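A structural walkthrough
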Amino acid sequence: MLLTQDEGVKSFIASLTSQLSEWLEAGKLQRVVLVIMSKATSEVLERWNFNIETDAEVVEKGVSREKSDKEIMREIQAIMRQIASCITYLPCLEEPCVFDVLAYTDKDVAVPFAWIESDAKLIQNPQMVRLHSFDTKIHKVDTLVSYKNDEWDEQ
């Protein structure tokens, strides 16, 4: 794990998590995608897709499903371990990279002025690995990582 000392990155992440939390609580967030790109070419190298299904009844009526916090934490820890183990098969990123975060929301959501429309930042001929999903009392999150398949470049 890497902790940043860059105040700009810290500010970006704080603003991002605040906005995502607001949309999550309102049941308006459908997907979050972390995109890792080459700094030099903007080519997408990895795409971490977190699909979010919100239980509408919980958001609308405040009725919560039965699930213990311990069980939720166990599922989140399992996915974090799986994400950490991805280094065994993901290609090593040997060039300077930048990241972006894409948020897919309901169409009626007000988007902050600082946010801009973006393309999906897809990878051509990607390798894909589906990771464990986890589910809270309100949301179910499915995770998929796509990465550039260098083998295609060599053929």
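Residues numbered from 1 in each chain as written. Predicted model: local features only at pLDDT ≥ 70, side-chain atom pairs only at ≥ 80, totals over all residues. Heavy atoms only, no water.

By the naming in an unreviewed UniProt entry, the protein is Mitotic spindle checkpoint protein MAD2, taken from Cocos nucifera. Regarding the protein, the UniProt comment filed under Subcellular location (unreviewed entry) reads as follows: "Nucleus". The protein has a UniProt comment under Sequence similarities (unreviewed entry) that states "Belongs to the MAD2 family." (UniProt positions renumbered as here; feature names shortened; annotations may be inferred.)

Before going further, it helps to examine the layout of surface pockets. Here the largest pocket defines a volume of roughly 1,700 Å³. In terms of lining residues, the largest pocket is bounded by 36 residues, among which Ile-13, Leu-34, Phe-50, Ile-83 and Phe-99 are the most central. For the lining of the largest pocket, the secondary-structure elements that each account for two or more residues are helix H1 (7–25), strand E1 (29–38), strand E2 (44–54), helix H3 (69–85), strand E3 (97–105) and strand E5 (139–147). Residue contributions to the lining of the largest pocket peak at seven residues, all from H1. Of the residues in the lining of the largest pocket, the class split is 30 nonpolar, five polar and one charged. In this structure, the second largest pocket occupies an estimated 640 Å³ of space. Of all elements in the fold, only H1 and E3 reach the threshold of two or more residues within the lining of the second largest pocket. When residues of the lining of the second largest pocket are assigned to their parent elements, the largest contribution, six residues, is made by E3. (1 Å grid on protein atoms, 1.4 Å probe; cavity = no way out; pocket = protein on both sides within 12 Å on 5 of 7 lines; lining within 4 Å. Points joined across faces, edges and corners; volume = space filled by probe spheres on them. Helix = DSSP H or I, 4+ residues; strand = E, 2+ residues; numbered from the N terminus. Nonpolar A, V, L, I, M, F, W, Y, C, P; charged D, E, K, R; others polar.)

What follows concerns the environment of Leu-20. As for its position among the elements, Leu-20 is in helix H1. Residues Leu-20 and Tyr-147 lie 127 residues apart in sequence; the distance between their C-alpha atoms is 24 Å. Ignoring any residue separated from it by four or fewer positions in sequence, one finds Leu-20 in contact with Leu-29, Val-32, Ala-103 and Trp-115. (Contact = heavy atoms within 4.5 Å.)

Attention shifts here to unusual backbone geometry. With the exception of glycine, the majority of residues adopt a negative phi angle, and the majority of peptide bonds are in the trans configuration. At Ser-42, a residue that is not glycine, the phi angle is positive and equals roughly 65°. You can see Ser-42 is positioned in the loop between E1 and E2. At Asn-125, a residue that is not glycine, the phi angle is positive and equals roughly 50°. Tracing the chain through its elements places Asn-125 in the loop between E3 and strand E4 (127–135).

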